[in-house]
Structures are given as C-alpha cells and as structure tokens.
Amino acid sequence: SIGQENNTHTYTHLDLTQNPLKKIWMPCKNGLPEKHISQRRVCMTNCPTLIVTVGLPARGKTYISKKLTRYLNWIGVPTKEFNVGQYRRECVKIYKSFEFFRPDNEEGLKIRRQCALTALNDVRQYLSVEAGQVAVFDATNTTRQRRGTITRFAEQNGFKVFFVESVCEDPDVIAENIVQVKLGSPDYIDCNTEEVVEDFMKRIKCYENSYQPLDEVLDRDLSYIKIMDVGRRYLVNQVQDHIQSRIVYYLMNIHITPRSIYLCRHGESDHNVKGRIGGDSGLSGRGKEFAKCLEKFIQEQNIKDLKVWTSQMKRTIQTAEAVAVPYEQWKALNEIDAGVCEEMMYEEIQGHFPQEFALRDQDKYRYRYPKGESYEDLVQRLEPVIMELERQENVLVICHQAVMRCLLAYFLDKSAEELPYLKCPLHTVLKLTPVAYGCKVESVFLNVEAVNTHRDRPENVDTSRMPEEALFTVPAHQ
Amino acid sequence: MSQRQTKLTQNPLEKIWIPSMSSKLYRRRGSTVPQFTNSPTMIVMVGLPARGKTYISKKLTRYLNWIGVPTKVFNVGQYRRDATQSYKSYEFFRPDNQEAMKIRKACAIAALKDVCAYFMQEQGQVAVFDATNTTIERREVILSFAKENGYKVFFIESLCDDPEIIAENIKQVKLSSPDYAGCDKEDAVADFLKRIECYKVTYISLNDEKDRSLSYIKIFNVGSRYLVNRVQDHIQSRIVYYLMNIHVAPRFIYLTRHGESELNLVGRIGGDSGLSPRGNKFASALGGYIRSQCIRDLKVWTSHMKRTIQTAEGLGVPYEQWKALNEIDAGVCEEMTYEEIQDHYPEEFALRDQNKYRYRYPKGESYEDLVQRLEPVIMELERQENVLVVCHQAVMRCLLAYFLDKSAAELPYLKCPLHTVLKLTPVAYGCKVESIFLNIEAVNTHRDKPVNVDVDREPEEALLTVPDHI
C-alpha cells in the first residue's frame, strides 16, 4: 500500500535539471535550478582546517608547507600558506644577523609575536571570509605557549587544527637545507656561503633551548603528525577527518631524494594529423620517428633505474615500445574522454554541438563533454598517479595532451584557469627537476616535426557567436 | 639502433594493447592495474592476545584481495588447533610449558612453510602471518626466513591497554572460539585473561632504537595513535593508509540501487534515464524505510546519474554526488538491449560470458576497472559511520564483494535486485547482511551466466538467461 494512499502525489524528486557546463543533475523548481547541498563534490571538510608547522629552522617546514599547499589546491581544496618569516621581513626591512632571534631580545620578541598575530588575522580572513578551506601556518611554533595561542585562536573561530612537526638531527640534511634554500633567502643577499651558514647555525641555536617538541603524553589530545628524519619515521596522533587523513597519506609518500620526472606525449598519431580529438589511433610516420628519437634521448640522459609509464591507448604504448625499457600501463593516464565528441574535428564539434563548444571555451576546466569528462574529472582520476610519482624516483610518463597539462599544473603550481591552456606540444619532452621550493623545467624538442594540437581560447565565447569566431584558433590540419 | 617493431594487437578480452611478438618489455599479463611489488611481502602481526590482530589480518586481506593483490592469512592459532587435541586451559600457554612450546614453535614453522608454498606455487603476493610474535626470538626466526627467501617484511603491532576494549574483544570473538566451545562465559573470560598474562611475561614490543631498521606500524588503542617506521614501497604505503582509516565504532552501511528506471523497463543497459513510476514509488518507500531506521547522522551518497539522484531526492535529506559511483561504462554497448548486443557484437557478448570480471566493453570499462575506480569510495566508507549508498547494479556488486569477501569470479554474478536495500552490520570478523525488499515490484535485471559461452554459440544459447523486459 506504499504510495497508493495519495493518487495525486506529485513526485517532486522527478524535477531535475542538468547543469549545462558540468552536466551535474540538480533539483529544480519551475525549471530553475535550486540551490542544494548536492552541488558540492564530495565534501572533505565541514569546518576549515588550520595546519600548523612545528620545528627548528632548516627542518623543511616551508618546503612541506608549499608542497602540501600545491597538492591540496591541485586536488581542489582551496589552500593558502602563511609564512610568518615573510611577515617578519616585511616588518623589519633589513635583516642584520641572528641576534634578532636571541631569546633575550625583547624588541625582537615583540615584533615576532606581532607578526604571528597579523598572520593569524590574515588566516581568519582567508578561512572565514574568503572561502578558503585550509590555511597552512608556517612558522617554528616551537613553544607550547605559542601553540596554545594558535589553538585558542582556532577554537574561537571554529577551525580544526592539525600540527605538522618536522624533527631532524642529521647534520648533513640540515646543511643541505641551508645550501638549498637559505643561501638564496632575502635575509642573506650579499653574503657568502660561509657567512650564511655560520649565522644560520647561530639562529637555530637561539630556538633550541626553548624548543618543546610535541609530546606523546602532554599533547595526546592534539591532532598531529611528527615527521622524523625526513620521513624515516612518523608519529600520527588523533586524525580527525578525511582531509587530515589525506594530508597524512601525502606527507608519508613524499621524499627529497634527487630525481627527474620526464613528461611527454605519445608521438604524433594518425588522428592528430587529421585534426581529430580522442580515439585510439596508432602513430603516424613522424610519430614513429619521434619514438626512435625518444629512445636515443633517454639513452643519452643515462638515467638510473628509469621507470616508464604509459596509458592504455595504442599511441602511448607504441611510443614506449620504441624506448626499449620495461613500462607499466595505467588506465588512469588515458586521454580525457570527449564523450559524444570523440574522434571529431573541432569543425565537426562546432557543426554538431555549437553550444557545447561555446560552453567549453567559457570554462574549459569545469566543462564536461556530454557522456565524457572534464579537466576537473581528469585531476581526480590522476591523483593516484601523482601520489605514485611522489613515491618514485626517475620516471618517464608518456601520456596525452590534457593529461600532461594536468600533471604539469601539479608540478608547476598552475591554477585551474591556466591548466587547460598549458602548452604541451607533440614531440617535446619536459624534464622536471625538483629544486629548492619548486621545480626546474627543461623543454627538449626532439626535432621531428608534428602538427600543432593546441587550440587557444578564442575571443568570443558566447553561445551566440558565429562559427568562424569559434573556429578562429583551431590549429591547421589535413 | 634496433629496428623496433611497434606492431601491437589488442587483447580481445581486456582490450589491452600488447606487442605482437613476445616482447621482453612487457613481461606480466596485461593488467589494468600497474603492479608495484617485485618481491612478495610478509605482513607480520605483533601483539598480546585480544588486541585485534586477527581482525586486522582478515580485514586487510579482504581489502588487498579486493584491489587485486593476491593475499592470504596464515593464522598460527589455527595450526595449533589442528595440531593439538582439544584446548584444555591457559596452562598450554604458560612460558614454562616445554612440551607446548615445542608444539607452538612447530606450528609457526609449518605456517611459514605454507607461506613459502603460497608465494612459490600459488602466485601469492602478500602473506599475513597472524600470531602474537611477541618475542624478539620469534621475530628473528621470521626475519631470517624472509631474508633467505627474498621476501619483504612489514610488521603490524597492535598495542592496547584499555581494559574495556580488551573485554569487548573477548566478548566478540573469543567466547565463540573453538577453544571455548561449550564453556561457561565467565570461565572462558577468566581463562583467556590468564592466557594473556602468560604472554605478558615475555612480551617485548618493537623497539624504537633496536628495531629502527625494520619496517612497521604500531597501532595504539585502536587507532588514536600510530607510529610508522621505514615504509619501503607502494604496497606498504597503501597498507598504512588503509590501517589508518579503519575503525571499530559500530555502524550500519546501507546499499541500494536507484529505483527502477525507464531504461530498466525496456531491458536497456547503461544510459542516464530517469525513474519509472514504480521507481518513484520506491524512492518514497526508501524515504519511509530510512526514517523508520532512526539512524544517527546518516550520510547519503549517490552517483552523478539522474536515476540515483532522483532516488535520493525522494529522501528529503542532504546527499553527496560521487562520479566514482557511476554505473559501469558499457562503451559501444551503452543503451543497448542484450538482444542488440548479441546481434551487433556476438563475439564481445561471448567474451563477456567467458570472463565477466576482466571483460572490458569496447571503449568502456570492466568490473576490474570499476574496482579501481571505487577504491576511494571504499576508503571513505571505512572512515565514515552510518552511510546509505544509492548506486547501480555493477557498482553495488563491487561494493558488496568488498564487504562480503567475494572473489573476482563471484562478484559479477552477485544478486543485487532493484528495490531491495542491503543493510550491512560489521560483526566479529565479518559483516552481517540483511536484505529488505521494499515491496514495490520491479523488473529483474540479473542475467546469469549461460551454459554455452563459446564464440560460436547460437544466438538463442546466448540469450537464454536474459531477463524479461518490455
């Protein structure tokens, strides 16, 4: 008798409309979409999270802060770092010496405390007013008192707190840190290496006496991860929610061993030549030439223990076969699924689906092809690839245009707006080498001609535009 | 420079491209999942009795098998039960019981031998060695054994000093153990507590200093704290992540498909159609059922497809959309009836019947792909408490297979009829399932494996098991 009582029962849950950009189904009233909680992707946080670094200078806190921020933004969690040292540099224009950090320097202490409070204020602004989800508070935070201040601040504002402590006593690691990132610091312009090292070591000493590491007993109710000896050991305490769990997983997978990541696309394919997107075609003659050149390039690079990854599409595998190194196939590296537009030329897409074509130009990152994917979907799909790239050392990834743009955006910290327009031409290898807080990129064109497959954003993105305006930026093809 | 032949053929079942000639570069079978283990791995449990070692062993094994890593548990207590007559009392475990010590050591050795056989002969990749392993001496034996054979070792130590948790453990799994069959409850508890005392005398926990070169995770008090040391590789990293996400808080997981859809009615697969009138009735009925369950803080998840969202809308509570919960992509066969698939793609249809788990639709997915796609969903389900998942037939089969430990062969044939809610309750070492049909008729969408799966079979033989539709 369920549902039989009321013959005129209106099933309002029938009323759904599909958002034309992202193809998300949402409830609507009178034909108009209703604001509903279901519009959000999988919710990762209810309240914003404040990540607080802890540790002596030169323990990798800023390295971790920047890397974590880059990762979280890439997976779609709006994150920003707040480096208190930066606030101090803005306040105290010229850094003279380690004496500023002496624990008995009252003036210095006042300024440093003020900087921390200013930074916290900006954190509040970011998380409460600007819809940020995670703020990374990057400072030494080495005393229980300072951490207490931060915890109270977070409680008052309804933020969750997660501490990331880096503990390291290996003098070689500390020395390398100083060389990598302190030499180039604004604090030490016009200083020679010896001067920098000497001053910085004294700076570290200033903090050592008052350093109170997170304690297993005293801090048992805090949520934190303690990273020891650059990742040899971790202590993880009271992980509260999904985002903290993801952060812990990420931190446990990254390393600082020097290595290089090579990104390239498959060699030119038959579809590329004809200006068709997607599909599963094989390499053109020039594409095969490229594959041979790639083998030569890889050999000349003389890389230790190189891993090679491809997608499961014919063109990347054909390319890898020529490189003559064992390779792994990842379905996750497959090119973006263009759904109903698969194997079409841009001219055909304009002809059959002009509105879709315009929507894509309006928001290329979020636009999902009908029965296909968006760049946003791609990033989700590629997250396990990124995680494994972090674990690995020397890797060559042979993939596709949209996929390569996503991976590159992760390494070079590009925004969602820039990502879909990153230039990833055929027959060009990008060699990425982590350095200091970022990534050095070398672009190597392997001297085999190929079509251009990069379509810039046209000026007119209105659905009412003329076909010529839409097709203006389509690259030439057969 | 070698004249590399880039001739590839596409394996017809999984649609994996492989070189035509036997290439030295592509050694392993075409798999949708990159394999990251070279050497087999031994996971070695450490801890006093009633610390959840077997619970962790079984759960971890279930997870690893589900994601495609062949894993097996070797429970030394089981070997002991097989070796000795019947359990008399805790005296067997007294550290000064020489006779028993001999038997216990022999059992451990026998189990290790079986681990070897599992790796060598059965293509196992991970063996979970479930025993107390509380002494340095015993752990040394295992480490030597592993070293001789080239196995990696990862320890999982469970430490707990909360008497309530231990008491609950004993209640949940020890009282029903074969050791205590026919025993009075209080006697069993008393005996077991004395058993634990026997181990305490010689228990040496993994040591920060002495064991710093070993790979391990220490779990304190059911997960409030973890110590992780020297994770060596991908699989150990995944294991650590999994262990850090599971919990033992009681909760329910409800699995259901969307209400009957328009395409269901006409026997078409895939697509993105809306609910049929009966499907709508189901959505209302589901709302009624959920309200009657009075669930605390229920989370509701759907896919991005219209039919699951319409179903959830009927509940009147907030829900989250997961693209990962979308139905299996049938590629070129999307929105076809089985009759049409037989007509257009008879060979594909036969291949699918030959190996439904690995079969990938042309330009589509396989069940094996689905499992990879669903892994983050499972991980988040482990983190959560009360959840209702409104999904699809193939997706629900994958999720159910995870909770009920079904093999890859069984998974694609699990029965997940429309308008039926499965209520899963974790209990002891597994999951209790209750099936609730909400009394709204719907078409049957379950197609059994036909008798004849040969490519050269007659159409009627292929279509014999197709369920009725309009």
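About the cut-offs
Residues numbered from 1 in each chain as written. Chains lettered and ligands numbered in written order. Predicted model: local features only at pLDDT ≥ 70, side-chain atom pairs only at ≥ 80, totals over all residues. Heavy atoms only, no water. UniProt positions renumbered as here; feature names shortened; annotations may be inferred. Helix = DSSP H or I, 4+ residues; strand = E, 2+ residues; numbered from the N terminus. Buried < 20%, exposed > 50% of the residue type's maximum accessible area, 1.4 Å probe, protein only. Contact = heavy atoms within 4.5 Å. Polar contact = N/O pair within 3.5 Å; in protein donor to acceptor, adjacent residues only side chain to side chain. Phe/Tyr/Trp six-rings, centres within 6.5 Å; stacked < 30°, edge-to-face > 60°. Lys NZ or Arg CZ within 6 Å of the ring centre and 35° of its normal. Expected span 1.5 Å × (residues − 1). Salt bridge = Lys/Arg side-chain N within 4 Å of Asp/Glu carboxyl O. Pairing = 2+ DSSP bridges. Axes fitted to C-alpha atoms, helices over the stretch in contact; angles between N-to-C directions.

## Describing the UniProt feature "active site" (unreviewed entry) in chain A
Residue and element names in this part refer to chain A. The residues that UniProt annotates with the feature "active site" (unreviewed entry) are His 266 and Glu 335. A stretch of 70 residues holds the annotated residues, and the largest C-alpha distance among them is 10.7 Å, short enough that they meet in one place. Examined against the element boundaries, His 266 turns out to sit in the loop between strand 10 (261-265) and helix 8 (270-274). Take His 266: its relative accessible area is 2%, and that puts it in the buried class. With near-sequence residues (within four places) excluded, His 266 lies in contact with Asn 272, Phe 290, Arg 315, Thr 316, Thr 319, Ile 398, Cys 399, His 400 and Leu 426. At 3.4 Å, the side chain of His 266 and the side chain of Arg 315 are in polar contact. Its place among the elements puts Glu 335 in the loop between strand 12 (327-329) and helix 11 (346-352). Beyond its immediate sequence surroundings of up to four residues, Glu 335 is in contact with Met 313, Arg 315, Glu 373, Arg 381, His 400, Gln 401, Ala 402 and Val 403.

## Side note on the packing of aromatic side chains
The final tally for this structure, using the stated rule, is 32 aromatic pairs over all chains. Aromatic pair Tyr 410 of chain A and Phe 411 of chain A: ring centres 5.0 Å apart, planes at 75°, arrangement edge-to-face. With respect to burial, Tyr 410 of chain A and Phe 411 of chain A carry one shared label: buried. Their ring planes at 75° and their centres at 5.0 Å tell us that Tyr 402 of chain B and Phe 403 of chain B sit as a pair that is edge-to-face. Its relative accessible area of 0% is what places Tyr 402 of chain B among the buried residues. Residue classification places Phe 403 of chain B among the buried positions, given a relative accessible area of 6%. One aromatic cluster is present, built from ring pairs that chain together Tyr 95, Phe 100, Phe 101, Tyr 188, Phe 200 and Tyr 207 of chain A. Seen from the ring of Phe 252 of chain B, Lys 423 of chain B lies directly overhead, with NZ or CZ sitting 4.2 Å from the centre. The side chain of Arg 447 of chain B reaches across the aromatic face of Tyr 338 of chain B, ending 5.6 Å from its centre.

## Considering helix 9 (residues 277-293) of chain B
All names here are of chain B. When the terminal C-alpha atoms of helix 9 are compared, their 25 Å separation across 17 residues agrees well with the 24 Å that a helix rising 1.5 Å per residue should span. Its buried side turned inward, helix 9 meets strand 9 (253-257), helix 10 (306-313), strand 12 (387-391), strand 13 (420-427) and strand 14 (430-437). Positive phi shows up at Cys 294, right after helix 9, with a value of about 45°.

## Focus: the pattern of salt bridges
All names here are of chain A. Going through the model one piece at a time under the given rule, you end up with 58 salt bridges over all chains. Among the ionic pairs, Arg 455 bridges to Asp 361, the shortest N-O distance being 2.7 Å. A residue pair is termed long-range when its members are at least 10 positions apart, and Arg 455 in the loop between strand 15 (438-445) and helix 15 (467-471) and Asp 361 in helix 12 (residues 354-362) qualify at 94 residues. Across the pair, Asp 361 and Arg 455 agree in class, each one buried. Put simply, Glu 442 and Lys 440 hold a salt bridge, and the shortest N to O gap is 3.9 Å. Owing to a relative accessible area of 32%, Glu 442 belongs among the partly exposed residues under this scheme. Under the relative-accessibility criterion, Lys 440 is labelled partly exposed at 44%. Within this structure, Arg 88, Arg 89, Asp 187 and Arg 203 form a network of salt bridges that share partners.

## Details of the sheet that holds strand 9 of chain B
Residue and element names in this part refer to chain B. The mixed open sheet is built from six strands, whose spatial order is 11-10-12-9-13-14. In this open sheet, the two edge strands, each paired with only one partner strand, are strand 11 (320-321) and strand 14. The pairing of strand 10 (residues 299-302) with strand 12 spans three bridges and is parallel. Residue pairing across strands places Trp 301 opposite Val 389, the latter belonging to strand 12. Lying over the sheet, helix 10 contacts strand 10, strand 11 and strand 12, oriented at roughly 155° with respect to strand 10.

## Considerations on helix 3 (residues 98-121) of chain B
Residue and element names in this part refer to chain B. Across its 24 residues, helix 3 extends 34 Å between first and last C-alpha, which sits within 8% of the 34 Å expected from 1.5 Å per residue. Inspection of helix 3 places Ala 100, Arg 104, Cys 107, Ala 108, Ala 111, Leu 112, Val 115, Cys 116, Tyr 118 and Phe 119 among the buried residues, and these make up the whole buried set. The elements touched by buried residues of helix 3 are strand 3 (41-46), strand 4 (71-75), helix 2 (76-83), strand 5 (126-130), helix 4 (136-149) and helix 6 (185-200). The positive-phi residue at the C-terminal boundary of helix 3 is Gln 123, with phi of around 55°.

## Some words on the UniProt feature "active site" (unreviewed entry) in chain B
Residues and elements named next belong to chain B. Residues annotated by UniProt as "active site" (unreviewed entry) correspond here to His 258 and Glu 327. When you line up the elements, His 258 lands in the loop between strand 9 and helix 8 (262-265). The residues contacting His 258, other than those within four sequence positions of it, are Asn 264, Phe 282, Arg 307, Thr 308, Thr 311, Val 390, Cys 391, His 392 and Leu 418. Within polar-contact distance, the side chain of His 258 engages the side chain of Arg 307 at 3.4 Å. As for its position among the elements, Glu 327 is in the loop between strand 11 and helix 11 (338-344). For Glu 327, a relative accessible area of 13% translates into the label buried. Not counting residues up to four positions away in its chain, the partners in contact with Glu 327 are Met 305, Arg 307, Glu 365, Arg 373, His 392, Gln 393, Ala 394 and Val 395.

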